[in-house]
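# Structure at a glance
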Amino acid sequence: LLPHFHHVEPAFIMDGKIEDMPIIDMEMAASQVDQDMEFLRELIQDFMEEFNSKKESSTELVKRMAKDKKAVKEVQSRAHAVKGSALNIALRRVAALSLKLESQAKVYVSEDKCPSDEEAKAMGDVWDSLCNEATKVQEQYDAMIKEKEKEED
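Attention here is on the structure that accompanies the text. (Residues numbered from 1 in each chain as written. Predicted model: local features only at pLDDT ≥ 70, side-chain atom pairs only at ≥ 80, totals over all residues. Heavy atoms only, no water.)

For the structure shown, the criterion picks out 13 salt bridges. The closest approach of N and O atoms between Lys63 and Glu60, which form a salt bridge, is 3.7 Å. With Lys63 and Glu60 both in helix H3 (residues 37-64) and 3 residues apart, this pair spans about one turn of that helix. Judged by its relative accessible area of 60%, Lys63 is exposed. Glu60 gets classed as partly exposed once you look at its relative accessible area, which sits at 39%. A salt bridge links Asp68 to Arg64; its shortest N-O distance comes to 3.3 Å. Judged by relative accessible area, which is 22%, Asp68 ranks as partly exposed. (Salt bridge = Lys/Arg side-chain N within 4 Å of Asp/Glu carboxyl O. Helix = DSSP H or I, 4+ residues; strand = E, 2+ residues; numbered from the N terminus. Buried < 20%, exposed > 50% of the residue type's maximum accessible area, 1.4 Å probe, protein only.)

See the structure below:
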């Protein structure tokens, strides 16, 4: 899917409150692609297409976690993939929430059990927040495209 650029420590992902993080850390993102902003736009577009293609099925998996250990494992796997892709293009909020969901799911996978209804709901809330942040990425991406079109006119 997306190339893996530089390893980023989880502490960096969770550095501060999520709402204080940039949606897209443009300085970090630009350095990841050697200042090739056209390539960055392509990577963001690819990320959004991939995320949106799996959003509905992932939402269904999240809803089944309290009763289905395989769903918990798949949520962990998908959260891990989203985290990696988000880090490659400096989507700090998406990466932080993906890390949180992955870490929560990992506990239940390692214990080979499902979360309680209450715990599964809390994990579902993290998923909902992640989806909301992905929507913000899309909005910021769309604004980048409009700005690019203005520059070309």
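Now for the environment of Lys69. Tracing the chain through its elements places Lys69 in helix H4 (residues 69-88). Residue classification places Lys69 among the partly exposed residues on the basis of a relative accessible area of 41%. Residues Lys69 and Pro115, spaced 46 residues apart in sequence, show a C-alpha to C-alpha distance of 8.7 Å. For Lys69, the residues in contact, after removing those within four places along its chain, are Asp112, Lys113 and Cys114. (Contact = heavy atoms within 4.5 Å.)

As a further point, take the layout of surface pockets. Taken as a whole, the largest pocket encloses approximately 230 Å³ of empty space. Lining the largest pocket are 16 residues, and of these Glu50, Lys54, Arg78, Ala81 and Val82 sit closest to its centre. Elements that contribute at least two residues to the lining of the largest pocket include exactly H3 and H4. For the lining of the largest pocket, the leading source of residues is H3, giving 7 residues. Its residues assigned to classes, the lining of the largest pocket comprises 10 nonpolar, 2 polar and 4 charged. (1 Å grid on protein atoms, 1.4 Å probe; cavity = no way out; pocket = protein on both sides within 12 Å on 5 of 7 lines; lining within 4 Å. Points joined across faces, edges and corners; volume = space filled by probe spheres on them. Nonpolar A, V, L, I, M, F, W, Y, C, P; charged D, E, K, R; others polar.)

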